[in-house]
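Below, each chain spelled out in residue letters.
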Amino acid sequence: MDRIFTFEGIGQLLTFDFVQNALIACAVLGIVAGALAPLIVSRGMAFAVHGTAELAFTGGAAALLIGVGVGIGAVVGAVVAGLVFGILGLRQRERDSVIGVVLAFGLGLGVLMLSLYSGRASNKFGLLTGSIVSVNSADLIVLAVVAVVVVAVLAVLYRPLLFASTDADVAVARGVPVRALSLVFAVLVGLVTALAVPIVGAILVLSVMIAPGAAAARVTASPLAATVIAVVFAEVALVGGAVLSLAPGLPVSGYVAAISFLLYVGCRVVARLRGRATVA
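Residues numbered from 1 in each chain as written. Predicted model: local features only at pLDDT ≥ 70, side-chain atom pairs only at ≥ 80, totals over all residues. Heavy atoms only, no water.

### So, the overall build of the chain
- Helix and strand counts for the chain come out as 13 helices and zero strands.
- If you list the helices and strands of the chain from N to C, you get α-α-α-α-α-α-α-α-α-α-α-α-α.
- Among the 280 residues that make up the chain, the fraction classed as buried is 45%.
- Sequence-distant contacts, at least 24 apart, represent 76% of the contacts inside the chain between residues at least 6 apart.
- Per element, the accessible surface of the chain, about 13,200 Å² overall, is 71% carbon and sulfur. (Helix = DSSP H or I, 4+ residues; strand = E, 2+ residues; numbered from the N terminus. Buried < 20%, exposed > 50% of the residue type's maximum accessible area, 1.4 Å probe, protein only. Contact = heavy atoms within 4.5 Å. Areas by Shrake-Rupley, 256 points an atom, 1.4 Å probe, with all protein chains shown as cover.)

### Concerning the UniProt feature "transmembrane region" (unreviewed entry) in the chain
- The feature "transmembrane region" (unreviewed entry), as annotated in UniProt, sits at residues 22–41, 62–85, 97–117, 138–158, 178–211, 223–246 and 252–271 in this numbering.
- Taken as a whole, residues 223–246 contains 100% helix and 0% strand, while its terminal C-alpha atoms sit 34 Å from one another. (UniProt positions renumbered as here; feature names shortened; annotations may be inferred.)

### Side note on the confidence of the model for the chain
- This prediction gives the chain a mean pLDDT of 82; 88% of its residues lie at or above 70.
- Within the chain, no element has a lower average pLDDT than helix H6 (residues 121–129), which sits at 60, and none a higher one than helix H11 (residues 211–219), at 93. (pLDDT = per-residue confidence, 0-100.)

### A word on the environment of Gly30
- Residue position: Gly30 is located in helix H2 (residues 17–42).
- The exposure class of Gly30 is buried, given its relative accessible area of 0%.
- Aside from chain neighbours lying at most four places away, what touches Gly30 is Val231, Ala234, Glu235 and Leu238.

### Focus: the environment of Asp17
- You can see Asp17 is positioned in helix H2.
- Each C-alpha atom of the pair Asp17 and Asn136 lies 8.7 Å from the other, and the pair is 119 residues apart in sequence.

### Details of the nonpolar core
- Leu29, Ile40, Val150 and Met209 are the most contacted members of the largest nonpolar core, which totals 65 residues.
- Setting aside residues up to four positions removed in sequence, Ile40 forms contacts with Met45, Ala46, Val49, Phe185, Val189, Met209 and Ile210. (Core = buried A, V, L, I, M, F, W, Y, C linked by side-chain atoms within 4.5 Å.)

### Things to note about the side chain of Asn21
- Secondary-structure assignment places Asn21 in helix H2.
- In this structure Asn21 touches Val135, Asn136, Ser137 and Leu140, once residues within four positions along its chain are discounted.

### Points about empty space enclosed by the protein
- Going through the model one piece at a time under the given rule, you end up with one cavity of 30 Å³ or more.
- Size it by volume and the largest cavity reaches roughly 30 Å³.
- Met45, Ala48, Thr52, Gly82, Phe85, Ala186, Val189 and Gly190 together form the lining of the largest cavity.
- Mapped onto the lining of the largest cavity, the elements with two or more residues apiece are helix H3 (46–66), helix H4 (70–88) and helix H9 (178–200).
- Top element by residues in the lining of the largest cavity is H9. It accounts for three residues. (1 Å grid on protein atoms, 1.4 Å probe; cavity = no way out; pocket = protein on both sides within 12 Å on 5 of 7 lines; lining within 4 Å. Points joined across faces, edges and corners; volume = space filled by probe spheres on them.)

### As for the packing of H3 against H9
- Packing of H3 against H9 brings their axes to within 9 Å, and their N-to-C directions diverge by 55 degrees. In this view, H3 runs oblique relative to H9, as classed from their interaxial angle. Between H3 and H9 lies a crossing of right-handed hand. For the pair formed by H3 and H9, the contact residues are Val49, Thr52, Ala53 and Ala56 on the first element and Val189, Gly190, Thr193, Ala194 and Val197 on the second.
- For the contact of H3 with H9, a count of residues per class yields six nonpolar, three polar and no charged. (Axes fitted to C-alpha atoms, helices over the stretch in contact; angles between N-to-C directions. Parallel < 35°, antiparallel > 145°, perpendicular 65-115°, else oblique. Left-handed = near helix turned anticlockwise from the far one by under 90°. Nonpolar A, V, L, I, M, F, W, Y, C, P; charged D, E, K, R; others polar.)

### Things to note about H2
- Helix length check: H2, at 26 residues, gives a terminal C-alpha distance of 38 Å against a target of 38 Å (1.5 Å per residue), a fit within 8%.
- When the local axis directions of H2 are compared, the greatest deviation, roughly 30 degrees, occurs at Leu36, which is followed within four positions by the proline Pro38.
- Looking one or two places after H2, you find Gly44, whose phi comes out positive at around 65 degrees. (Expected span 1.5 Å × (residues − 1). Bend = angle between axes of the 7 residues up to and from the residue.)

### Quick word on a nonpolar patch on the surface
- Together, Leu65, Ile66, Val68, Phe105, Leu109, Leu112 and Leu116 make up an exposed nonpolar region whose accessible area comes to about 680 Å².
- For the nonpolar patch, the elements supplying multiple residues, two or more each, are H3 and helix H5 (92–116).
- The biggest single contributor to the nonpolar patch is H5, with four residues.
- In this fold, Val68 is placed in the loop between H3 and H4.
- When its relative accessible area of 42% is taken as the criterion, Val68 is described as partly exposed. (Patch = residues over 30% accessible without salt bridge, like charges linked within 9 Å, V, L, I, M, F, W, Y side chains within 5 Å. Salt bridge = Lys/Arg side-chain N within 4 Å of Asp/Glu carboxyl O.)

### Observations concerning the side chain of Glu235
- Examined against the element boundaries, Glu235 turns out to sit in helix H12 (residues 223–246).
- No salt bridge is formed by the buried Glu235; its nearest oppositely charged neighbour, Arg274, is found at 22 Å.
- Apart from the residues lying within four places of it in its own chain, the contact partners of Glu235 are Cys26, Ala27, Gly30, Ile31 and Gly240. (Lys, Arg positive; Asp, Glu negative; His and termini not counted.)

Here it is, written out as structure tokens:
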């Protein structure tokens, strides 16, 4: 247990530039992931996020193999995945099968490319479980630019996106361009997922892209309140997980996933207690 939870030397670690870069990256990712999470949950896109993460992993593996930035490869892979899922799987009954087929192909291709990569094993491991301490100033710039784009698009399209997410049939009847919004949202999810993969790894992207929104949905029915709560939960999970992982020197993804899970369980307990109080 001492190996998992220790704060020895954490004060000194927090003075290092790479640690500060990591915490800034977590804070920025928490904003955009938390903002998207309630919409992802309301649209039933958890499996799509998982599939997008695997394709981001494939793009990152390709980038490693050809010698370009992993972040760039992850973004390309995730955006392509988002577009494919958006174009081929817009109908609910088709979505899961399309995602499953593309996910399996992409994951197999990524594993093959990692096998061909002859560089450091830590680079391979980082794509799966995250390598937060490898975030540099250039990565922060990319993260900041993408975050600004995502927040700006959400600010402009939030109301029609929310309408299309809660009742797509009525939105279509009202003239809302549901198909175009689905494609735009898929690209936004792809971009944020690509940013999350280098930090928490492809395996546990759901811990920041789904869990905060699912937890928030348990304690409020207000879309605005759910978004605020989801952002707070994402920040707590990411920044808290990064801090807890520093002294032990363990992958940040495990801590982030654990915090996200505890927040979700806590919200379920609160919802259950509220229900009992209402009945009483």
